[in-house]
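What follows is the residue order along each chain.
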Amino acid sequence: MKLGFLVDLNLCMGCKGCEIACKVENEVPLSSWRLRVKYVDIGTFPETKRTFTPLRCNHCEDAPCERICPVSALHYMDNGIVNIDKERCIGCAGCVMACPYGAIYIDPETNTADKCTYCAHRVSSGLMPACVVACPVEANIFGDIEDPTSAISKYIMEHDVKVRKPEKGTHPKHYYAGGGDVNLNPLASVREEGHQLFNNITHLEHIGGH
Amino acid sequence: MVEHTIPATNAVVTLDVALPGIVWGWMITMNMWAKSIGTGVLFLGYYLSKRYSEDFAKLKLGTIVISLIFIHLFLLFTVLDLHQMFRFWHIFAYPHWTSAITVGAWIVSVLVGVLFVMAWAKLTNKDELFNKLFVIAIILAIPVTLYTAGIMSEATARELWQMPTEMVQMMLAATLTGSATLLLLGHGKLSDDAKRDLAVILGLSAFSAFLLYMGEYIFGNMKAEELQATLAYIQSGGEYASMFWLGQSIAYIVPVVLVLLSINSKSYGILPLASVSAIAGLWIVKHVWLIIPQLIPMS
Ligand code: SF4
Ligand code: SF4
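Conventions used here
Residues numbered from 1 in each chain as written. Chains lettered and ligands numbered in written order. Predicted model: local features only at pLDDT ≥ 70, side-chain atom pairs only at ≥ 80, totals over all residues. Heavy atoms only, no water. Pairing = 2+ DSSP bridges. Helix = DSSP H or I, 4+ residues; strand = E, 2+ residues; numbered from the N terminus. Axes fitted to C-alpha atoms, helices over the stretch in contact; angles between N-to-C directions. Near = heavy atom within 4 Å. Nonpolar A, V, L, I, M, F, W, Y, C, P; charged D, E, K, R; others polar. Contact = heavy atoms within 4.5 Å. Buried area = accessible area lost by both parts, 1.4 Å probe. Salt bridge = Lys/Arg side-chain N within 4 Å of Asp/Glu carboxyl O. Polar contact = N/O pair within 3.5 Å; in protein donor to acceptor, adjacent residues only side chain to side chain. Buried < 20%, exposed > 50% of the residue type's maximum accessible area, 1.4 Å probe, protein only. pLDDT = per-residue confidence, 0-100.

J.: Would you take a moment to explain the sheet that holds strand β3 (residues 47-55) of chain A for this structure?
T.: As a general point, the strands of a sheet are linked pairwise by backbone hydrogen bonds and lie either parallel or antiparallel. Across the sheet, three strands lie side by side as β3(A)-β2(A)-β1(B); this open sheet has antiparallel pairing. Edge positions in the sheet fall to β3 of chain A together with β1 (12-15) of chain B, since each has one partner strand and no second. Going from strand to strand, the sheet's axes swing by 30 degrees on average, the running direction of each strand aside. For strand β2 (residues 36-44) of chain A and β3(A), the ladder comprises nine bridges, and the chain directions are antiparallel. When the bridges of β3(A) are listed, Tyr39(A) appears paired with Phe52(A).

This is the structure we're talking about:
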């Protein structure tokens, strides 16, 4: 079994339901995100368009975060999830340096690394990840990519799907349908000061300093 | 490259949070800088012990003490930088051997033990034991010098930190600061021949490291788009561009010029200046190289 995720960007309407569901389910502290929906505006007025891209850990098959972790706090589960043991993590931030997707962060409350776990705790009880349940348009499709009859496998077969930064050799298990460079490549868009919808983001101080 | 599509798409991020900012900061710079000195004095001390044994006899204890101080400084900043520093022992209790961090931590622990025994052997005049341990210390100092390059290479997200360039840079940083430190330590004690040799090593290390940085500076743009975006922080002006050139000048250009002047005139009085310049400049060079890949957005 290898669990994977697919987001159909043609369906996503940027409501951030998944983001909020994830925050609540996993008690993700202020100023940290396991999953966030990035908005990128394209075009020139009046020909403009807003794109929405949910970004989370890709549960890479060759995960650089797992490889660099000195204490195996990051580890593979049998179902393909790259999980984290926060009790073991020493907070070296090697994984933060290694993840090519910016998917992992140091939790300011526990001072340990944290990231999306595909809701491993829910999956082990036979539930869907919280973000999948919350999505009003069923843009998030989750399942076993080794089972050709699963919804995600069928979706992959029927659509042109992409992964983020395939050149990194990480073999992500998170796919996007309907995505292009603008959605998936952070260098294909600019980040301008003052052009964020929300500019005053509260950042928590890490306990103990840096 | 993909950023060249921006004028066509006019793509602007309008809602996202820049994650995660600079995570490895000045403490990691201190780590790399102090380690270069800690292992560098061992390499150059060993060279002196083979070629100028009488000169080295005067620096024996000093070399080991400096190595111990700087390796402990390196360890101190490594541990201080951990967000959970009191769990440091997990590296020994739950080692994960694919991680260069683990491999390095174990080897450096053995090296520290060997250095303490060497200091004891020197103090109790056990020369034979000292010399035997010196060989072991050198063998261990090689991976200790290089493993940070392994960590940087395992940091897949940062295109700038590549093997084998980083590995060579780590070794050059060690020979640069090692020769500089011994020139300072042995200023009034070393023979002119020993000083000249150390000066040549200092100059060659500085020149080679400078060439590698320039190679990356000029040709890096032609490799990967992430590398191009990273190098823009030192090519398009601004704080890091100034720091980059300041570091290159102080760490490499000034020492090379001073070493050339000194060797040509056979007068070694200016070598301490070249040494201080190299040691101070290396900190800046390492810092810029550490920070700039952390400035580009990853997602
Ligand atoms: S996306 Fe990043 S955090 Fe997730 S498995 Fe891959 S490397 Fe690790
Ligand atoms: S911060 Fe924690 S999870 Fe990340 S590499 Fe270090 S020990 Fe592993």
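J.: Explanation requested: the site of ligand 2 in the structure shown.
T.: Taken together, 13 residues sit near ligand 2, with Cys69(A), Cys89(A), Cys92(A), Ala93(A) and Cys95(A) positioned nearest. Among the residues making up the shell around ligand 2, the classes are represented as twelve nonpolar, one polar and no charged.

J.: Can you walk me through the interface of chain B and chain A in this structure?
T.: Accessible area lost upon the coming together of the parts is a frequently used measure of interface size. Taken together, the contact between chain B and chain A spans 48 residues of the former and 62 residues of the latter. Of the roughly 5100 Å² buried between chain B and chain A, counting both surfaces, carbon and sulfur atoms make up 58%. Where chain B meets chain A, there are five salt bridges. Among the ionic pairs, Lys168(A) bridges to Glu159(B), the shortest N-O distance being 2.8 Å. Our count for the contact surface shared by chain B and chain A stands at 36 residue pairs in polar contact (both at pLDDT 80 or more).

J.: Please explain the pattern of salt bridges as it appears in this structure.
T.: Here the idea is simple: oppositely charged side chains can pair when their charged atoms come close. Residues and elements named next belong to chain A. Under the criterion given, the structure shown has 19 salt bridges over all chains. Among the ionic pairs, Glu-61 bridges to Lys-2, the shortest N-O distance being 3.8 Å. Taken as a pair, Glu-61 in the loop between β3 and α2 (64-68) and Lys-2 in the segment before β1 (3-8) lie far apart in primary sequence, 59 residues in all. A salt bridge links Lys-16 to Glu-19, with the nearest nitrogen and oxygen atoms 2.9 Å apart. Taken as a pair, Lys-16 and Glu-19 share a single burial class, namely buried.

J.: Could you clarify how one ought to interpret the confidence of the model for chain B in this entry?
T.: A low pLDDT score tells you not to read the predicted coordinates there in detail. Mean pLDDT for chain B: 95, with 99% of residues reaching 70 or above. As a predicted assembly, this complex carries a pTM of 0.94 together with an ipTM value of 0.93.

J.: Looking at this structure, how should I read the site of ligand 1?
T.: Every residue lining ligand 1 is accounted for by Cys57(A), Asn58(A), His59(A), Cys60(A), Ala63(A), Pro64(A), Cys65(A), Val82(A), Cys99(A), Tyr101(A) and Lys115(A). Partitioned by chemical class, the residues of the shell around ligand 1 number eight nonpolar, two polar and one charged.

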